[in-house]
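As a plain string of letters, each chain reads:
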Amino acid sequence: MSEADRPRKGMDTVTRPRILVVGAGFAGVECVRRLERRLAPDEADLTLVTPFSYQLYLPLLPQVASGVLTPQSVALSLRRSERYRTRIIPGGAIGVDLRAKVCVIRTIDGEVVDEPYDYIVLAPGSVTRTFDIPGLTDHAFGLKSLAEAAYLRDHVISQLDIADASHDPAERASRLQFVVVGGGYAGTETAACLQRLTHAAVKRYPRLDPGLIKWHLIDIAPKLMPELGENLGRSAQQILTRRGIEISLGVSIAKAGAEEVTFTDGRVVPTRTLIWTAGVVASPLIGTLGAETVRGRLAVNADMCLPGHDGVFALGDSAAVPDVAKGDGAVCPPTAQHALRQGRHVAENVIATLRGLPTRQYVHRDLGLVVDLGGKDAVSKPLGIELHGVPAQAVARGYHWSALRTGVAKTRVMTNWLLNAVAGDDFVRTGFQAHRPGSLRDFEYLDAYLTPEQVRAHVGEAGRAAR
């Protein structure tokens, strides 16, 4: 074959850079959408790894658990984009070999596949932070996924149903006590929203004494939501206390059982419902890289590049992104606000790297915090301005509504809010918990991840088999 007859790169054989995005949370989806808009189809191949073909609007999960919103309203389809061209691999990344540039993926049908890449964006998010507390993962419920929210709603309503039918005072009392661990935003909103659910539902159960329904919110910290500041934190605590929620600070769980929970202060609370929302940690995927971490989050530069590895970017809950706006070595907190903006910013840095241009540091000043306590109750701090009651609720829901990515999602959420405000709830169980348990152990799948050594061994064996 003459030199003229040989296929030439860029003509007969077309090779495009492969960009792999891991995770379909706020950070991952924003990155993919920006890449789709800013890159021509022939500039790169885009692939997204996620078990589900939707983006979950996580801050509204307490409202799904309490029935204010339907599950579908907070699950934003990834296939609605007009520029949609990203290949979706339905599964979860369980390991990354940075040297071989291969991501190991377990698909939803259990097959393990190797996905090579030229550029990788790691946005796998976080998992529920647990501790070595006897019985915790077997008996506690989490609230990090759509399935958990739907399951938790069914469980809470079923406790009312069973208590109403029971003739045993002890069983009735244990089923009508609920414990939420975690005094951050997730725990506070979960306790607030679910307490409103049981308070409204008990009116439909004439055999139940409303005074038997007790909600406990506990946290090892000395203050409730300290990020809000002294005044708003105290205001939120007063609102919840006025509703009858017993708040215990400086307290955690010593032991969890199927029918009772033991607090670290010695109290034993008979309950069938322990909800664990005591923070999050980076996805176990980060541990498979063998790279430097900061409190479990991947240590990256301010431009979200992984030092020493070309074409590797990390952001969101799993990355310790320097907070340049604050300085003094601070890192960005794992919030949706930062994840959204980091997603767009890292997409621009990927494009810059692809085109041989310099990357830019991520800089964003916090816009404030919003906490929806259900009904007319809320506390918010937009741009440092402290708000309570209806104004705070308007800001909180306005922020969440505007952050929803699609018009369909915005319409569904607004319709749900209006319908719930006018017609209330029917307290219907959907049957999610009819056949299997739904504790933390059942939803986190923490045993699926590989060690760095297992990743290298797997990728090496796959390479030898291919040859």
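Per chain, residues are indexed from 1 in the order of the written sequence. Local features in this predicted model are restricted to residues of pLDDT 70 or higher, and side-chain atom pairs are both shown and tallied only at a pLDDT of 80 or more, whereas totals for entire chains, interfaces and linings draw on every residue. Values shown for side chains rest on all heavy atoms present in the structure; no hydrogens or waters enter the calculation.

Naming follows an unreviewed UniProt entry, where the protein chain appears as NADH-quinone oxidoreductase subunit E of Streptomyces fungicidicus.

Draft legend 1. Examining the sheet that holds strand S1 (residues 18–22) more closely. Strand order in the open sheet formed by 7 strands is S7-S6-S5-S2-S1-S8-S21, and the pairing between neighbours is mixed. Unpaired on one side and paired on the other, strand S7 (112–116) and strand S21 (312–314) mark the two borders of the sheet. If you compare each strand with its neighbour and ignore which way they point, the axes differ by 35° on average. One requirement defines pairing of two strands: DSSP has to find at least two bridges between them. Secondary structure counts use DSSP, requiring at least four H or I residues in a row for a helix and at least two E residues in a row for a strand, with both numbered from the N terminus. Of the strand pairs in this sheet, S1 and strand S8 (residues 119–122) are connected by 4 bridges, and their pairing is parallel. Angular values range over 0 to 180 degrees, each being the angle between N-to-C directions of two axes fitted as lines to C-alpha atoms, with helices fitted over their stretch in contact.

Draft legend 2. Structural view of helix H4 (residues 146–165). Multiplying 1.5 Å by the residue count of a helix minus one yields the expected span of that helix. End to end, H4 covers 29 Å across 20 residues, agreeing with the expected 28 Å (1.5 Å per residue, within 8%). Any residue under 20% of the maximum accessible area for its type is buried, any over 50% is exposed, and the rest in between are partly exposed; the area is computed with a 1.4 Å probe on protein chains only. The buried fraction of H4 amounts to 16 of the 20 residues, a majority that puts the element mostly inside the structure.

Draft legend 3. Summary view of the packing of helix H1 (residues 26–38) against helix H8 (residues 336–354). Between H1 and H8, the shortest axis-to-axis distance is 7 Å and the interhelical angle comes to 35°. In the packing of H1 onto H8, the handedness of the crossing is right-handed. On H8, the residues that touch Phe26, Ala27, Glu30, Cys31, Arg34, Leu35 and Arg38 of H1 are Ala336, Ala339, Leu340, Gly343, Arg344, Val346, Ala347, Glu348, Val350 and Ile351. In the scheme used here, Gly and all other residues not listed as nonpolar or charged are polar, with Ala, Val, Leu, Ile, Met, Phe, Trp, Tyr, Cys and Pro taken as nonpolar and Asp, Glu, Lys and Arg as charged. A class-by-class count of the residues in the contact of H1 with H8 yields 11 nonpolar, 1 polar and 5 charged. By convention, the crossing between two helices is left-handed when the near helix turns anticlockwise from the far helix through less than a right angle, and right-handed when the turn is clockwise. Here, two residues are considered to be in contact whenever any of their heavy atoms come within 4.5 Å of each other.

Draft legend 4. The side chain of Glu115, seen in detail. Positionally, Glu115 belongs in strand S7. Given the relative accessible area of 12%, Glu115 is considered buried. For this analysis, a polar contact is any N or O atom pair within 3.5 Å, provided that within protein one partner can donate a hydrogen and the other can accept it, and provided that sequence-adjacent residues contribute only side-chain to side-chain pairs. Polar side-chain contacts of Glu115 include one of 2.9 Å to the side chain of Arg87. Contact partners of Glu115, with chain neighbours within four places excluded, come to Leu20, Thr47, Arg87, Ile89, Lys101, Val102, Cys103 and Ile105.

Draft legend 5. Just the sheet that holds strand S20 (residues 297–299), in detail. Taken in spatial order, the 3 strands make up an open sheet running S19-S20-S22, and their pairing is mixed. For this open sheet the edge positions go to strand S19 (293–294) and strand S22 (319–320), each flanked by a neighbour on one side alone. Where S19 meets S20, 2 bridges bridge the pair, whose relative direction is antiparallel. Residue pairing for S20: Thr293 is matched across the bridge by Leu298.

Draft legend 6. Looking closely at the pattern of salt bridges. Each salt bridge in this description consists of a side-chain nitrogen of Lys or Arg and a carboxyl oxygen of Asp or Glu lying within 4 Å of one another. Per the counting criterion, the structure on display carries 19 salt bridges. A salt bridge links Asp118 to Arg18; its shortest N-O distance comes to 3.2 Å. Taken as a pair, Asp118 in the loop between S7 and S8 and Arg18 in strand S1 lie far apart in primary sequence, 100 residues in all. With a shortest N-O distance of 2.9 Å, Arg153 and Asp425 are connected by a salt bridge. Of this pair, Arg153 sits in helix H4 while Asp425 sits in the loop between helix H10 (407–423) and helix H11 (440–444), and the two are 272 residues apart along the sequence. For the pair shown, Arg153 and Asp425 are each scored as buried. Put simply, Arg34, Arg38 and Glu348 are held in one network by salt bridges that share partners.

Draft legend 7. Highlighting the domain arrangement of the protein chain. Each domain's limits were defined by an automated method or a database of domain assignments. Along its sequence, the protein chain is carved into domain 1 (18–129 + 281–366 + 447–466) and domain 2 (130–278). Each of domain 1 and domain 2 was reduced to a C-alpha centroid, and the two centroids are 33 Å apart. Taken residue by residue, the interface counts 18 residues in domain 1 and 16 residues in domain 2. Accessible-area loss on putting two parts together, using a 1.4 Å probe and summing over both, is the definition of buried area adopted here. Taken over both partners, the interface formed by domain 1 and domain 2 buries close to 1,500 Å², and the fraction arising from carbon and sulfur atoms is 65%.

Draft legend 8. Up close: the nonpolar core. Remark: nonpolar core denotes a set of buried residues (Ala, Val, Leu, Ile, Met, Phe, Trp, Tyr, Cys) joined through side-chain atoms within 4.5 Å. Judged by nonpolar contacts, the single largest core of 109 residues is most densely connected at Ile19, Leu35, Val96, Ile120 and Leu122. A total of 8 residues in this core trace back to one element, the largest contributor, which is H4. In this structure, this core is formed jointly by two domains, domain 1 (18–129 + 281–366 + 447–466) and domain 2 (130–278), each of which donates at least three residues. Ignoring any residue separated from it by four or fewer positions in sequence, one finds Leu35 in contact with Ile19, Val21, Leu46, Arg85, Ala347, Val350 and Ile351.

Draft legend 9. Inspection of the confidence of the model for the protein chain at higher detail. On a range of 0 to 100, pLDDT expresses the predictor's confidence in each residue. Within the protein chain, residue pLDDT values average 91, and 93% of them lie at 70 or more. Across residues 1–13 the pLDDT falls below 50, and counting only partners more than four positions away or on other chains, this stretch makes 5 contacts in the model.

Draft legend 10. A look at unusual backbone geometry. Phi angles above zero are rare outside glycine, and Met225 is one such case at about 45°. Relative to the assigned elements, Met225 resides in the loop between strand S12 (214–219) and helix H7 (230–242). Residue classification places Met225 among the buried residues on the basis of a relative accessible area of 0%. In this model, Leu383 sits at a positive phi of 55°, which is unusual for a non-glycine residue.

Draft legend 11. Quick peek at the packing of H4 against helix H6 (residues 185–201). Running from N to C, H4 and H6 point in directions that differ by 35°, and their axes come no closer than 11 Å. Here H4 and H6 pass one another in a crossing that is right-handed. Facing H4, whose interface residues are Leu152, Arg153, Val156 and Leu160, H6 presents Leu194, Leu197, Thr198 and Ala201. By residue class, the composition of the contact of H4 with H6 is 6 nonpolar, 1 polar and 1 charged.

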